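Per-entry structural report
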Amino acid sequence: MVKRFWADETGLPAADRGLAYGDGLFETIRAEGSSAPWLDYHLARLVRDAARLGIEVRQDELLAASREALERYGSPGKVWVLKLILTRGAGGRGYRPGGGMEPNLLVSCSDAPPMPDSAGVVAGFSSVLLTVNPLLAGIKSLNRLEQVMAARELSGDCFEVLMADAAGHIVEGTRTNLFVLTDEGWITPPANSVAVAGVMRQLVIERLQQAGEPFREAPITREQLQPEVCRGLYLTNSVLGVVRVRNLAGQDLPAERCLATICHLSTTLE
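In short, a report on the structure. Bear in mind that the values here come from a model prediction, so they are computed numbers and not experimental data. (Residues numbered from 1 in each chain as written. Predicted model: local features only at pLDDT ≥ 70, side-chain atom pairs only at ≥ 80, totals over all residues. Heavy atoms only, no water.)

The next subject is the pairing of strand S11 (residues 232-237). Across the six residues that make up S11, a large majority, six, are buried. Because side chains alternate across S11, one face comprises the buried residues Gly232, Tyr234 and Thr236, and the other comprises Leu233, Leu235 and Asn237, equally buried. Relative to S11, strand S8 (residues 177-182) runs antiparallel, the two being bridged by five bridges. Within S11, the position partnered with Leu178 by the bridge is Leu235. Summarising the sheet, S11 and strand S12 (residues 241-248) pair through four bridges and their orientation is antiparallel. The residue bridging Tyr234 from the neighbouring strand is Arg244, located in S12. Hairpin connection, S11 to S12: the antiparallel pair is bridged by three residues. (Buried < 20%, exposed > 50% of the residue type's maximum accessible area, 1.4 Å probe, protein only. Helix = DSSP H or I, 4+ residues; strand = E, 2+ residues; numbered from the N terminus. Pairing = 2+ DSSP bridges.)

In structure tokens, the structure reads:
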């Protein structure tokens, strides 16, 4: 059974493996009042990816904790972010997990970030390479040091920097997945190549398929992001929704079709 901790009352135990080794994973969930539009998607991913790490947790336990948090922190008209940090638990010294540990769940809330300009944002390229271990691909684990280092490059009006892998393929942003529109249709990097397979990424893929839009998962190169090739670049994040990039590395990008409109997804998730 998972042990629940409220961040505004007490932190995790000093011996927690999430603190010591990043042995856990997390979800950041946009909430509006006392509801969270995509809560089921987040909890299903958390349970699925926890199982990949060998952390046993039931979705009904997480749902009960989330509902309690929504009532605890939510209020009419309030837009905020619910964060769930799930760790393997506390105990033992060294990398090898001990037996009989129960997972810990740290629950917290924070203000929602401001919504980006609806006309589009400015983005650039990061100098930090993204390394994706196939064993951990797509999991929103507590180890996000590459993203932390890349995010240090953000300055001025730059909203996001895009990260490449060792092969030079553009994989994702520090906090976003990406979708590119070309003459052949929509492209997003394959799930097995990304560090985080986001909930909004999943939703957008579902909506593109439902809408009958040409779509495929494939590696993305810098050449495909040049203005003469790219017909639109969009970043997705479950807190911010769908964000259009109007300028990438100093070059203006077109926006022939709006991804949020095609997918019938509001950028504010209302």
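Let us look at helix H5 (residues 199-210). In this model H5 runs 17 Å from its N-terminal to its C-terminal C-alpha over twelve residues, within 8% of the 16 Å that 1.5 Å per residue would give. Every buried residue belonging to H5 is among Val199, Met200, Arg201, Leu203, Val204, Ile205 and Leu208, and all of these are buried. (Expected span 1.5 Å × (residues − 1).)

Glancing now at the side chain of Thr182. Its location among the elements puts Thr182 in strand S8. Under the relative-accessibility criterion, Thr182 is labelled buried at 5%. Contacts of Thr182, omitting those with residues within four sequence positions, involve Ile187, Val229 and Arg231. (Contact = heavy atoms within 4.5 Å.)

Pairing in this open sheet of four strands is mixed, and the strands run S1-S4-S3-S2 from one edge to the other. Strands with a single pairing partner mark the edges of an open sheet, and in this sheet they are strand S1 (3-6) and strand S2 (24-32). Averaged over neighbouring strand pairs, the angle between their axes works out to 20° when direction is ignored. Here eight bridges tie strand S3 (residues 79-87) to strand S4 (residues 104-111), and the two strands are oriented antiparallel to one another. Residue Leu84 lies in a different strand from S4, and its bridge partner there is Val107. This element, helix H2 (residues 39-52), spans S2 and S3 of the sheet and lies at about 175° to S2. (Axes fitted to C-alpha atoms, helices over the stretch in contact; angles between N-to-C directions.)

Moving on to the environment of Lys83. Examined against the element boundaries, Lys83 turns out to sit in strand S3. Given a relative accessible area of 30%, Lys83 falls into the partly exposed group. Each C-alpha atom, one on Lys83 and one on Asp40, is 14 Å from the other, the two residues being 43 residues apart in sequence. Setting aside residues no more than four positions away along its own chain, Lys83 makes contact with Phe26, Glu27, Thr28, Leu106, Val107 and Ser108.

Turning to the pairing of S4, a few remarks are in order. Pairing of S1 with S4 involves four bridges; the strand directions are parallel. Across the sheet, residue Phe5 finds its bridge partner in S4, namely Leu106.

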